[in-house]
Amino acid sequence: MSEGPPPRILVVDDDRAFRLSTAELLRQDGYTVTTAADASEAGRALQERRFDLMLLDLRMPGVDGITTVEVLRGRGERVPILMISGFGTIDRAVEALHLGADDFLTKPVDPDVLSAKVADLLERRPAAFRVMGSPVAGMIGRSAPMREVYEAIRRVAPTETTVLIEGETGTGKELVARAIHEGSPRVSGPFLPVNCASLAEGILESELFGHVRGAFTNAVRDRPGLFEAAGGGTLFLDEVGDMSLRLQQRLLRVLQEREVTPVGAANPVRVDVRVIAATNRNLRQETEAGRFREDLFYRLNVFAIRLPPLRARPGDIPLLVEAALSRLAKRSPRPTPRACSPFALRILRSYGWPGNVRELFAVIESAAIHASGERIEAQHLPGPVREAARSWAGASAEQGRYRKERAGDAERASIVAALEEAGGVRIRAAEILGMSRTTLWRKMREYGLDRSEE
């Protein structure tokens, strides 16, 4: 299947040496690169063609990076922007994020870090909103549970309804939120995510609601919060269940009154923003336990989308493995495996995946490092995955319904598959299974698989 033309990247920096070296690095990674020395050249390039990503220097003569971001987002330009800031300008880079930039790096830029960051931004860049069971905004899967998610996104995206996305860590809650934003009338506005669990209460309060000069130490100027910065767009509150009760009260007021009061301010400010929240907690149980406000729960839970864990959709694992290997091939300077062996794939399908898709991608990256050929074999998978998969092998899921199998049948099937993969060489089969030769021979006799010696 054709992968289509390589992504187009626009590099904007007045430092000629940095501009050219960065362009060469990106070309070596397989991208089509155009360069510009200032905002004026960048504007002309954007008028001439569409770009998939823009690397933008923060400090430039004339129109700087901050103003460029503001102008581009103000006119509805949706190209993802990676800001490049020098030492001592991180505060300005964060300001650029509030205005609509997607991420930033500081100079000097490590080539490996740059390659990884570019690949990550390209993978989660806005995609055309598609339905009919196709992947949405980078989401992967054709299973029945995922088709239900796509249908829910299709229904709620065109509305102004507040959405609550529930799911375990690593299931892709931010991808769903981005897909909803991309399919909404607010698509020309910003999409601003914030993780409510990663910031201390005081910092989170300032980030969300803003502050005025003198509100606290180091508050040297007025600063709008994310509710204001996301005006006309979408604010994504990830892990909202970790928010303190005091901030929950402030969030409830925003949802009810559509206005925020910056920290230290006397008067509220009107805001026009759609809120999408996500949590890996059971908010109903959190409400019953008194850790989450009941009135806020009902405000957020107007339309709920429940993301299935990876163990509930094992049929999607081959697609996810293919996507993980494709991503690695683009990022890695050395040849990488192109596929998994049948037995390795069987182990991956039978593992429980407590870390879900995020864990799967990490496991594939680890296995690819250990593999020396064109495919990942069972012995290349991390030991804990091979061990845990045996305990999970007695259960399979189809459309969210689990079917128990006898552990003996699952173990016998694993041994048969390992022998097939090893070409009948028992020593190698034992290595694949992670057991001693003596244990393998004993189990083969137990399951009637040693008839060749009779």
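All figures in this text were calculated on a predicted structure; none of them were measured in a lab.

1. Description of the environment of S332
- Looking at the secondary structure, you find S332 in the loop between α13 (317-331) and β13 (339-340).
- Separated by 217 residues in sequence, S332 and S115 have C-alpha atoms that sit 9.1 Å apart.

2. Considerations on the pairing of strand β4 (residues 81-85)
- When you tally the buried positions in β4, you get 5 out of 5 residues, the bulk of the element.
- What you see with β4 is no split at all: I81, M83 and S85 on one side and L82 and I84 on the other are buried throughout.
- Judged from the 4 bridges that link them, strand β3 (residues 53-57) and β4 form a sheet pairing that is parallel. Counterpart to D57 in the pairing with β4 is I84.
- Both β4 and strand β5 (residues 103-106) contribute to a ladder of 4 bridges, which runs parallel. Note that in β5 the partner of I84 across the bridge is L105.

3. With respect to the sheet that holds β3
- Strand order in this open sheet of 5 strands is β2-β1-β3-β4-β5, and the pairing throughout is parallel. Pairing within the sheet leaves two strands with one partner each, and these edge strands are β2 (32-36) and β5. Taking each pair of neighbouring strands and ignoring which way they run, the sheet shows an average axis angle of 20 degrees.
- Its contacts with the sheet put helix α2 (residues 39-48) on β1 (8-12), β2 and β3, and the angle it makes with β1 is roughly 165 degrees.

4. Observations regarding the confidence of the model for the protein chain
- Averaged over all residues, the pLDDT of the protein chain equals 82, while 86% of them reach at least 70.
- Within the protein chain, no element has a lower average pLDDT than strand β16 (residues 401-404), which sits at 32, and none a higher one than strand β6 (residues 163-166), at 98.
- Below pLDDT 50 for its whole length, residues 126-135 participates in 21 contacts with residues either more than four positions away or in separate chains.
- This stretch, residues 393-407, has a pLDDT under 50; its non-local contacts, to residues over four places away or in other chains, come to 23 contacts.

5. With respect to the packing of aromatic side chains
- Tallying each qualifying case throughout the model produces 4 aromatic pairs.
- On the basis of an interplanar angle of 20 degrees and a centroid distance of 5.6 Å, the ring pair of F209 and F227 is categorised as stacked. With F209 in helix α8 (residues 201-209) and F227 in helix α9 (residues 226-229), this pair connects stretches of sequence that are 18 residues apart.
- Among the residues examined, F209 registers a relative accessible area of 1% and is labelled buried.
- For F227, a relative accessible area of 0% gives the class buried.
- Taking NZ or CZ as reference, K107 lies 4.5 Å from the ring centre of F18, over its face.
- Taking the ring centre of F209 as reference, the NZ or CZ of R250 above it sits at 4.2 Å.

6. A closer look at the nonpolar core
- Core analysis: the biggest nonpolar cluster contains 40 residues, and L348 and I364 have the highest contact counts within it.
- Listing elements by their share of this core, those giving two or more residues are α13, α14 (342-350), α15 (356-370), α17 (407-421), α18 (426-433) and α19 (437-446).
- Looking at this core, the element that brings in the most residues is α15, giving 7 residues.
- When residues no more than four places from it in sequence are discounted, the contact partners of I364 are V321, A324, L325, L328, C340, L348 and I376.
- F209, A230, L283 and L300 belong to the second largest nonpolar core, which has 29 residues in total.

Definitions and limits used
Residues numbered from 1 in each chain as written. Predicted model: local features only at pLDDT ≥ 70, side-chain atom pairs only at ≥ 80, totals over all residues. Heavy atoms only, no water. Helix = DSSP H or I, 4+ residues; strand = E, 2+ residues; numbered from the N terminus. Buried < 20%, exposed > 50% of the residue type's maximum accessible area, 1.4 Å probe, protein only. Pairing = 2+ DSSP bridges. Axes fitted to C-alpha atoms, helices over the stretch in contact; angles between N-to-C directions. Contact = heavy atoms within 4.5 Å. pLDDT = per-residue confidence, 0-100. Phe/Tyr/Trp six-rings, centres within 6.5 Å; stacked < 30°, edge-to-face > 60°. Lys NZ or Arg CZ within 6 Å of the ring centre and 35° of its normal. Core = buried A, V, L, I, M, F, W, Y, C linked by side-chain atoms within 4.5 Å.

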